[in-house]
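Here are the chains, one letter per residue:
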Amino acid sequence: MRSYIAAAAFAALAQAQDLDWDAVLQLTPVPDVTIPVVYATVPTTTATATTVSYTSDAAAAAVSSALSANPDDSFPLDTALAKRATSTSCQVQPTGVSLGPQATDDTVSAFLAYPSFSATAVAAASTAVPNGYVNTFSNMQASNNAYGYMGYTLLTDYNTQTCADKCTKINGCQAFNIYYERDPTVNPDSDSCSNPASTTNIKCVFWSGPVTSDNANNAGQWRNKFQVVIAGSNGYVNKSIATPVGYNAGVYLGNSAINAPLDCTGDDSYLQSAIVTTGPFDANLCAVACNEQASYARQHPPTDGSFNKMCYFYNTYILYKNGQALGQYCAMYDQTWSSSYAKNTGYYYGSDHYTIGFSYAFSNSTSGGQPRYPCNVASAKSAIVSASLQPYCSSLLGFNPASATQTVTVTPTVQATTLTTLNYQQQKRQAASTPAALQKYAASVITSACGLAATSVSVITTTATAAATTVYVATSTVSQK
Ligand SMILES: *[C@@H]1O[C@H](CO)[C@@H](O)[C@H](O)[C@H]1NC(C)=O
Ligand SMILES: *[C@@H]1O[C@H](CO)[C@@H](O)[C@H](O)[C@H]1NC(C)=O
């Protein structure tokens, strides 16, 4: 229950969708991935590529079991990536493409200034954007540290389509980064080969999270006395994201998260959050969390008769701390909010800046969820209260001002719309007396709102008579107002 309680406590203090700081402050940034071309031993094949395999079903099962063990908990889940091999001395490395300045002037500055690299990258960004992708940056001298590393491959030419085709075939790949890299011809792991001749590799690196100019921050590295540098780096992100079963297609919210106000009935629609800290970005993991919350709530309705809040909508995004990815965040709600509520671009916590990226919202395709009762009833109810129309309601509902207690039977509030079909035992509408403040509402809305305004005293749940009946009890204090 830890993080649910924490989230609820924060909700009362701050905005409803404040982060689950209890969980977030325990997270460490996802480690950067270094993708060297290193042969530790003599390679048996010339293949220089790795892919990280990802099975959404397995990750979904992990989320599901974590949540069913403790449905209110957030969870850092660990799905460790492949470990890198260690290297041995001066092992000959794969020869890259036979282009670049290494033949004539094998220096870092010549590599970075080589005109053909930038010309190719710039041309690829304007004329060779693969179908289904958007180009996010071009011709940078850095590669990406994005979220959810999915492997890489070496290419024989700077071909964005080849790179895209490989990404499409990798389960979970949503983005790729293509660039030239100055690499050593032998592994420079000994004094005898500390700064060998270079070769140029064309790398195509796969990610499940977006590659952007913001996370293109890996400008290379020193390997002993050899300097690895990068040129002509371009980024591409898949324009569409897989839609989880049972949900409408995701609504892209960019670098903003939903910041929902209280709903029209005054309820906080935010339920709880979940965080996945490693592995690919996968919107389905949050769908699983949302479904688990809903099924848990369905099986454990509140015993005090209050509204049973179930997840119908979630917002998932990559949460960054000072620019480094912390994990995939899922914020769950009991009703759908449009993109116009995506106004939250981050938080400061002390001097740390938490920001949002790759934000998507998903809504249950059967029902988007709804407030406790319809918004027009809520509006009529506040008109009644602000114009002090409780006496009108009392007579409308046939309450006797002198009596201590009146009972009104209504259909259940589980699905809020049923409130409009309230069936009052003693309904007795008085002719030609609808107050001006209520004239814009339908009679059924006024009746429902009067029922609510008159029920501020207590609400008693179902008795044995009918499984689907809620009894509102109003005392005469209401009608004497
Ligand atoms: C983009 O991602 C969607 C959802 O995963 C996938 O169906 C589609 O094939 C991808 N598009 C391309 C061009 O790879
Ligand atoms: C969507 O809502 C319906 C109606 O409440 C529910 O039966 C269904 O399980 C929900 N779907 C998902 C994927 O949660």
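Shown above is the structure to which this text applies.
So, here is what we can say about the structure in this document.

The rules we used
Residues numbered from 1 in each chain as written. Chains lettered and ligands numbered in written order. Predicted model: local features only at pLDDT ≥ 70, side-chain atom pairs only at ≥ 80, totals over all residues. Heavy atoms only, no water. Helix = DSSP H or I, 4+ residues; strand = E, 2+ residues; numbered from the N terminus. Expected span 1.5 Å × (residues − 1). Polar contact = N/O pair within 3.5 Å; in protein donor to acceptor, adjacent residues only side chain to side chain. Disulfide = S-S within 2.5 Å. Buried < 20%, exposed > 50% of the residue type's maximum accessible area, 1.4 Å probe, protein only. Near = heavy atom within 4 Å. Areas by Shrake-Rupley, 256 points an atom, 1.4 Å probe, with all protein chains shown as cover. Nonpolar A, V, L, I, M, F, W, Y, C, P; charged D, E, K, R; others polar. Phe/Tyr/Trp six-rings, centres within 6.5 Å; stacked < 30°, edge-to-face > 60°. Lys NZ or Arg CZ within 6 Å of the ring centre and 35° of its normal. Axes fitted to C-alpha atoms, helices over the stretch in contact; angles between N-to-C directions. Parallel < 35°, antiparallel > 145°, perpendicular 65-115°, else oblique. Left-handed = near helix turned anticlockwise from the far one by under 90°. Contact = heavy atoms within 4.5 Å.

**Here's the deal with helix H7 (residues 283-299)**
Next, step 1: Here H7 contains 17 residues, and its C-alpha end-to-end distance of 25 Å stays within 8% of the 24 Å for a straight helix at 1.5 Å per residue.
Next, step 2: Two to three positions downstream of the cap, the backbone nitrogen of Asn284 sits 2.9 Å from a side-chain oxygen, assigning the N-cap of H7 to Asp282.

**A word on the state of the cysteines**
Next, step 1: Counted according to the given criterion, the structure contains 7 disulfides.
Next, step 2: The side chain of Cys167 participates in a disulfide bridge whose partner is Cys173; the two sulfur atoms lie 2.0 Å from each other. One disulfide, between Cys167 and Cys173, carries an S-S torsion of -105 degrees and so falls in the left-handed class. Accessibility classification places Cys167 together with Cys173 in one group, the buried group.
Next, step 3: With a sulfur-sulfur separation of 2.1 Å, Cys393 is cross-linked through a disulfide to Cys450. As the torsion about the S-S bond is roughly -65 degrees, the Cys393-Cys450 disulfide counts as left-handed. You can see Cys393 sitting in helix H9 (residues 390-397) and its partner Cys450 sitting in helix H10 (residues 443-453), a full 57 residues away along the chain.
Next, step 4: Among the residues examined, Cys450 registers a relative accessible area of 0% and is labelled buried.

**Quick word on the site of ligand 1**
Next, step 1: All residues adjacent to ligand 1 are Asn131, Tyr133, Thr168, Gln174, Asn238, Ser240, Ile241 and Ala242.
Next, step 2: In this structure, Thr168 approaches ligand 1 through a side-chain N or O atom, which is 2.7 Å from an oxygen atom.
Next, step 3: A distance of 3.2 Å is found between an oxygen atom of ligand 1 and a side-chain nitrogen or oxygen belonging to Gln174.
Next, step 4: If ligand 1 stood free it would expose 360 Å²; the protein chains cover 60% of that surface.
Next, step 5: Its residues assigned to classes, the shell around ligand 1 comprises 3 nonpolar, 5 polar and no charged.

**What about the site of ligand 2?**
Next, step 1: Val245, Tyr247, Asn291, Arg298, Tyr312, Asn364 and Thr366 make up every residue found near ligand 2.
Next, step 2: For ligand 2, an oxygen atom lies 2.4 Å from a polar atom in the side chain of Asn364.
Next, step 3: In the complex, 66% of the free accessible area of ligand 2, which totals 360 Å², lies under the protein chains.
Next, step 4: For the shell around ligand 2, a count of residues per class yields 3 nonpolar, 3 polar and 1 charged.

**Remarks on unusual backbone geometry**
Next, step 1: Positive phi, close to 55 degrees, is recorded for Asn139, a residue that is not glycine.
Next, step 2: In this fold, Asn139 is placed in strand E2 (residues 133-140).
Next, step 3: The phi angle at Asn322 is positive, at roughly 50 degrees, despite the residue not being glycine.
Next, step 4: Mapped onto the secondary structure, Asn322 falls in the loop between strand E10 (313-321) and strand E11 (324-333).

**A word on the packing of aromatic side chains**
Next, step 1: Taken as a whole and assessed by the stated rule, the structure comprises 17 aromatic pairs.
Next, step 2: Feature note: the residues Tyr247, Tyr252, Phe281, Tyr314, Phe358, Tyr360 and Phe362 constitute an aromatic cluster, connected by ring pairs.
Next, step 3: One Lys or Arg, Lys203, reaches over the ring of Tyr152 and ends 5.7 Å from the middle of that ring.

**Observations regarding the packing of helix H8 (residues 375-386) against H10**
Next, step 1: At a closest axis distance of 8 Å, the pairing of H8 and H10 adopts a crossing angle of 60 degrees. Judged on the interaxial angle alone, H10 and H8 are oblique. Crossing angle aside, the handedness with which H8 passes H10 is right-handed. Facing H8, whose interface residues are Asn376, Val377, Ala380, Lys381 and Ile384, H10 presents Val445, Ser448, Ala449, Cys450, Leu452 and Ala453.
Next, step 2: Partitioning the contact of H8 with H10 into residue classes produces 8 nonpolar, 2 polar and 1 charged.

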